[in-house]
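# Summary of structural features
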Amino acid sequence: MTRWRPLPDALPREARHLVGQLRTLKDRTGLSLAELARRTAYSKSSWQRYLSGAKQPPRGAVQALCRVARADQARLLALWDLADQTWPHGAAVPAEPAGPAVDTATPPPGAEYRRWRAAALVSFAVIVVLLAGLLWVLPTGSG
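About the cut-offs
- Residues numbered from 1 in each chain as written.
- Predicted model: local features only at pLDDT ≥ 70, side-chain atom pairs only at ≥ 80, totals over all residues.
- Heavy atoms only, no water.
- Core = buried A, V, L, I, M, F, W, Y, C linked by side-chain atoms within 4.5 Å.
- Buried < 20%, exposed > 50% of the residue type's maximum accessible area, 1.4 Å probe, protein only.
- Helix = DSSP H or I, 4+ residues; strand = E, 2+ residues; numbered from the N terminus.
- Contact = heavy atoms within 4.5 Å.
- UniProt positions renumbered as here; feature names shortened; annotations may be inferred.
- Salt bridge = Lys/Arg side-chain N within 4 Å of Asp/Glu carboxyl O.

An unreviewed UniProt entry lists the protein under the name Helix-turn-helix transcriptional regulator, with Streptomyces coeruleorubidus given as the organism.

Spelled out as structure tokens, the structure:
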């Protein structure tokens, strides 16, 4: 049985209950996170975030764990629906106290250049594809 760390205090009661049930199911399977990842469509690091309460698990992850554990999906999906209404959306729940505040309004250095470069590469690719298509459909001169 895995020794789980305490869930973040900021996690609502419904979300805590869901994560607790998911942890119990995972423990019941006897699988490691790596093996659970191999048997589902979710990575080991994703399972770690879901089972630590740092991120809300997608509905599909709950269904996948239920299939692997041969558990009743209806009950866990009902818990997921309740947790979904209260889970803090838009950001992961911090597992530990946050460090110094970071200004998220200012893009990181070089972000504008990377955006411009990506747009230029996409434009170039579109032009190449259009030229290739044009060369293909144009009749060749056969004298």
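Moving on, there is more to tell.
Within the largest apolar cluster, 26 residues are counted, with the highest numbers of intra-cluster contacts made by Leu18, Leu22, Leu25, Trp47, Val62 and Leu76. Contributing elements (two or more residues each) for this core: α1 (13-29), α2 (33-39), α3 (44-52), α4 (59-69) and α5 (73-86). Those residues in contact with Leu25 that sit more than four places away from it in its chain are Leu65, Cys66, Ala69, Ala71 and Leu76.

Here, UniProt's "transmembrane region" (unreviewed entry) annotation points to residues 118-138. Secondary structure content for residues 118-138 is 95% helix and 0% strand, and the end C-alpha separation is 30 Å.

Attention now moves to unusual backbone geometry. Across residues other than glycine, the phi torsion is negative in most instances, and most of the peptide bonds are trans. A positive phi is found at Arg70, a non-glycine position, where the angle reads about 55 degrees. Examined against the element boundaries, Arg70 turns out to sit in the loop between α4 and α5.

Within this structure, the stated rule accounts for four salt bridges. Residue Arg38 pairs with Glu35 through a salt bridge whose shortest N-O separation is 2.9 Å. Within this pair, Arg38 and its partner Glu35 are both found in helix α2, separated by three residues, close to a single helical turn. Overall, Glu35 belongs to the partly exposed group, its relative accessible area being 23%. Linked through salt bridges whose partners overlap, the residues forming this network are Glu35, Arg38 and Arg39.

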